[in-house]
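Examination of the molecular architecture
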Amino acid sequence: MNALTKISNFLMTPAMKMVMIVAALLFPFVASNEYQIYVMALAFVWAIAVYGMNIITGLCGQLNLAHGGFFAIGAYTLAILTVDHGWAFWPAFIAAGAVGALLGFLVGVISLRLKEHYFAIFTLCVGFIIYLLLDKWEELTHGALGIINIPAPSGFGLVDFTETTPFYYLALAFMVLSIWLASRIAHSLLGRTFLAIRISDDLAASLGINLMRNKVLAFVLSTTYASVAGALYAGMVRFIGPAEAEVTHTFDMITYLLVGGIGTLMGPLLGTLAITWLTQSLQFLEEYRMIVFGPMLVVLVIFFPKGVVGSFLAWRGRRLAAAHDANTAKQAAVSKTSTDKTPATSTQEAGNHA
Amino acid sequence: MLKIHNLTKRFGGLAAVNNVSIEFEANKINAIIGPNGAGKSTFFNLVAGAMAPTEGRIEYQGMDITGMACDRIARLGIARTFQTTMLFDQSTVLDNLIVGHRLRTQSRLWDVIINSKRLRDEEKKCRARAQEVLDFVGLSHIGHRITADISQEEKKRVAFALALATDPELVLLDEPAGGINPEETENLAALIRKMVDHGVTVCLIEHKMDMIMSLADKIMVIDHGEKIAEGTPDEVKNNPLVIEAYLGSDEDAAA
C-alpha cells in the first residue's frame, strides 16, 4: 500500500473528521488577527446555507435560484422580531427557521410542479420577488434603509457573542450540526431517494418514489438551512439590508458548491472556505480580482466538473475497485495453483463516506 | 394479469395509441413489436402510469389502475426499464441498486434524524435485496465498480436488477437489447427467461426479431397506434398485415 493510498484512506476515516474539528477549534489561537477569525466565522455561516443548497440541488437535482432569498428571509425574520417586536434572540432564531420552512413549503409546492430549467427560472423570479418585497415593503422591512441594531445571540450571561471569537465557536457549532444532519440525510435511504430523483424523475417514479412529496421535503430542508444561516448572519453582522436577497449571493453559493463538489458531503464546506479565502487573499487587486478568479473557475469546471471532493471520490472509487479486482484475481490464481477450491472473494467495502 | 380495454392516447390530433385491447397472461413473456413511431413506448408509458390515457381502461390483477400515478403503480408491483439506461454513474453498482427497494420501506425524515431502529433495519433490508438482485442478474463480481466504468450490457443488467429490487410481479422492458451485440443479446434473453422462471411476468418492446421470435410466448404488433396482430411468434410471422407493416405494401417487396 503506497503513501497515496494511505493518505486517501485516512481522509475518509472518522479520525480525519476529528482532525478537522480540532483544527477549527484551534484556529482562533493561531489566527494572526481578529479579522481572520471574523472571516472564518462568516464563511461557516455561509457554509450552512450552502449545505442547504446541496440538499435540493446537489442531492435532489433541482436548481433552486431563490436560495439567497430564503437566506434573507431568515435574516429579516430575526431582525424584525428582535428589533421591532422586542423578541429575545433565540426565540426569534427558532421563528426564523420556522418561517423559512413554512415559506419554503408554500413556494416548493408551487414551484416544484415545474421541472428542470423551468423550475430554475421560476425560483429565480421568486428570489427577485423576495428582494422586491424586502426593498419596497417599508412598514415591515424598513425598505432600502435596512434594519440596524440587531442584537447578537444571547449568551445567557455566560458568553458575549458580540465578541468575534465566541461567535466563531457558535457558528462552528451550528455548522458542525448542519453537516452532521446533512450527512445523516445523504447516507440514509432518504438521501438515496433524493439521488434517484436527481438521476431522473421518470426513473424515480418508476421505482415507486413519490416525486412531489420528496422534492418538497428536500426543498423545505434547504430553505430551513438557508434561513437558519441567514438568522445567524443577522446576529453576526447586526445590520442587514435588501441586498442580502440579491441573486449574486445565490450564484456565489452555486460557485462554492461547484468548486467543492456538488452532491458530496465535504464539498460545500471545502468550496466555501476555498473561495472565501481566495477572495480575501486577492483583496489587494480590488475589482480586478475577477480577472484571476474567472479563468480559475473556467479551468476548474472544464477539468474538474465534479469539484474537488467529487473528483477525489471518483478517483478513489476507481482505485478501490481496481484494488478489489486485483485482489480477487490474485486469490483466484493462488487457489488455482494450490487447490481446486472456488476462490474466496474479498468483500471490501467501497462505499462513499465523504 | 394485465387486461387492456380499448386503450387510446391522443396528442392533439394524433392518436399515438388507438383503441388497443389485449390481455397479458401471468408468467409469460409478452412482446410488443412494431415499426419506429408505432406507439409502443407510449403504450408502456400508459401502463406504467407515466401518462394518463385519453380513453380506455387498464386492469391489473383485477384492479382498475387507469390513470393511477406512476409511483403507486410501482408499489402495486409493476416495474419498468427505459430505453436509455439511467443510473448514477459516480457511485458503485451496488449503491445504485439499494434505492430500488425504497418503496417497500417506511422510514421518514424523523427516522433519519434519530437514526431509528426502523431505518437501520430497512437499510439492511434494502442492501440485502440489492445484493440479491445483483446476484440474480449475474453481476455480483462487479458490485464494487464505479457504474461509469461498466459495459453497456452490464448497465442493462443493472437496470434489470434495479427494476427487480422493487419486488415486481410484472416487468416492462423497453428495448432491453438496444445497443448491444448479438452474443450479449442472447445472454440477456437467457436472463429474461430466468426472470419468468422465478415468477415474474415480462412484457417487452424490442426490435431484434430473432430475439423476439425465440423468446416471446405472445406477440402484439402495433402500427400507427393500432393493434394489427396478436398471437404466437409463428402466427404473427405469417400474418400478411404484419409483413405489410414491416416491408411496405409493395407486392414485390412483400414477396
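Along each chain, numbering runs from 1 in the same order as the chain's sequence is written. All chains are assigned letters beginning at A, and all ligands numbers beginning at 1, according to the order in which they are written. Given that this is a predicted model, residues contribute local features only at a pLDDT of at least 70 and side-chain atom pairs are listed and counted only at 80 or more, while totals for whole chains, interfaces and linings are drawn from all residues.

Things to note about the overall build of chain B
- For chain B, the helix and strand inventory stands at 11 helices and 10 strands.
- Radius of gyration here uses only the C-alpha atoms, and the compact-globule reference equals 2.2 Å multiplied by the residue count raised to the power 0.38. Whereas a compact globule of 255 residues would reach a radius of gyration of roughly 18 Å, chain B reaches 19 Å, a difference of no more than 12%.
- Along the first, second and third principal axes, the C-alpha atoms of chain B reach 70 × 40 × 30 Å.
- With 255 residues in all, chain B has 47% of them scored as buried.
- Residues are defined as contacting one another if the C-beta atoms placed from their backbone atoms lie within 7 Å. Pairs at least 24 residues apart make up 68% of the contacts formed inside chain B by residues separated by at least 6 positions. Strands are runs of DSSP state E lasting at least 2 residues, helices are runs of H or I lasting at least 4, and numbering of each runs from the N terminus. Partly exposed residues are those whose C-beta has more than 12 but fewer than 20 other C-beta atoms within 10 Å; with 20 or more the residue is buried, with 12 or fewer it is exposed, and the C-beta atoms are placed from the backbone.

Structural notes on the interface of chain B and chain A
- Contact with chain B, which involves 36 residues of that partner, is made by 31 residues of chain A.
- Contributing elements (two or more residues each) for the side of chain B that touches chain A: helix H2 (70-76), strand E6 (78-81), helix H3 (93-98), helix H4 (109-114) and helix H5 (117-136) of chain B.
- All residues other than Ala, Val, Leu, Ile, Met, Phe, Trp, Tyr, Cys, Pro, Asp, Glu, Lys and Arg, Gly among them, are scored as polar; the first ten of these are nonpolar and the last four charged. Broken down by class, the residue content of the side of chain B that touches chain A amounts to 18 nonpolar, nine polar and nine charged.

Details of the domain arrangement of chain B
Residue and element names in this part refer to chain B.
- By the assigned domains, chain B splits into domain 1 (1-77 + 168-255) and domain 2 (87-167).
- Computed from C-alpha atoms alone, the centre-to-centre distance between domain 1 and domain 2 is 27 Å.
- On the domain 2 side, the residues contacting the 10 residues of domain 1 number 11 residues.
- Broken down by element, the residue count for the side of domain 1 that touches domain 2 peaks at three residues, all from helix H7 (residues 182-197).
- Classifying every residue of the side of domain 1 that touches domain 2 by side-chain character gives seven nonpolar, one polar and two charged. Boundaries between domains were set according to an automatic or database domain assignment.

Description of the nonpolar core
- What we call a nonpolar core is a set of buried Ala, Val, Leu, Ile, Met, Phe, Trp, Tyr and Cys residues whose membership is set by joining through C-beta atoms within 7 Å. By size, the foremost hydrophobic cluster in this structure holds 176 residues, and its most contacted members are Ala229 of chain A together with Ala161 of chain B.
- Considering every element that reaches this core, the biggest residue donor is helix H3 (residues 34-59) of chain A, with 16 residues.
- When near neighbours in sequence (up to four residues on either side) are disregarded, Ala229 of chain A contacts Val45, Trp46, Ile48, Ala49, Phe71 and Gly74 of chain A.

What to know about the pairing of strand E1 (residues 2-11) of chain B
All names here are of chain B.
- Across seven bridges, the pairing between E1 and strand E2 (residues 14-24) is antiparallel. When the sheet's bridge partners are listed, Lys3 is paired in E2 with Glu23.
- Note on pairing: two strands pair once DSSP finds at least 2 bridges between them. Relative to strand E4 (residues 55-60), E1 runs antiparallel, the two being bridged by five bridges. If you follow His5 over to E4, its bridge partner there is Arg57.

Comments concerning the sheet that holds strand E10 (residues 226-231) of chain B
Residue and element names in this part refer to chain B.
- In spatial order, the strands read E6-E7-E8-E3-E9-E10; together these six strands make up an open sheet with mixed pairing. Since the sheet does not close on itself, it has two edges, and those belong to E6 and E10, each with one partner. Geometrically, the sheet is characterised by an average inter-axis angle of 15° between neighbouring strands, direction not taken into account.
- As defined by bridge partners, strand E3 (residues 29-33) adjoins strand E9 (residues 218-223) across four bridges and the pair is classed as parallel. Looking across to E9, one finds that Ile32 is bridged to Met220.
- Simply put, an axis is a line fit to the C-alpha atoms, just over the touching stretch for a helix, and the angle between two N-to-C directions goes from 0 to 180 degrees. This element, helix H6 (residues 152-164), spans E6 and strand E7 (170-174) of the sheet and lies at about 165° to E6.

A look at the sheet that holds E1 of chain B
All names here are of chain B.
- Strand order in the open sheet formed by four strands is E2-E1-E4-E5, with antiparallel pairing between adjacent strands. At either margin of the open sheet sits one strand with a lone partner, and together these are E2 and strand E5 (63-64).
- Packing against the sheet, helix H1 (residues 40-48) makes contact with E1, E2 and E4, and its axis sits at approximately 65° to E2.

Some thoughts on the pairing of E3 of chain B
All names here are of chain B.
- Counting buried positions along E3 yields five of five residues, so the element is predominantly enclosed.
- Sheet topology places E3 next to strand E8 (residues 201-205); four bridges connect them, and they run parallel. Pairing of Asn30 across the sheet is with Cys203, part of E8.

Quick word on the domain arrangement of chain A
All names here are of chain A.
- The assigned domain composition of chain A is domain 1 (17-277) and domain 2 (307-354).
- Taking only C-alpha atoms, the centre of domain 1 and the centre of domain 2 are 39 Å apart.
- Taken together, the 11 residues of domain 1 in the interface contact six residues of domain 2.
- The set of elements that each furnish at least two residues to the side of domain 1 that touches domain 2 consists of helix H12 (247-260) and helix H13 (267-281).
- Per-class residue counts for the side of domain 1 that touches domain 2 are six nonpolar, five polar and no charged.

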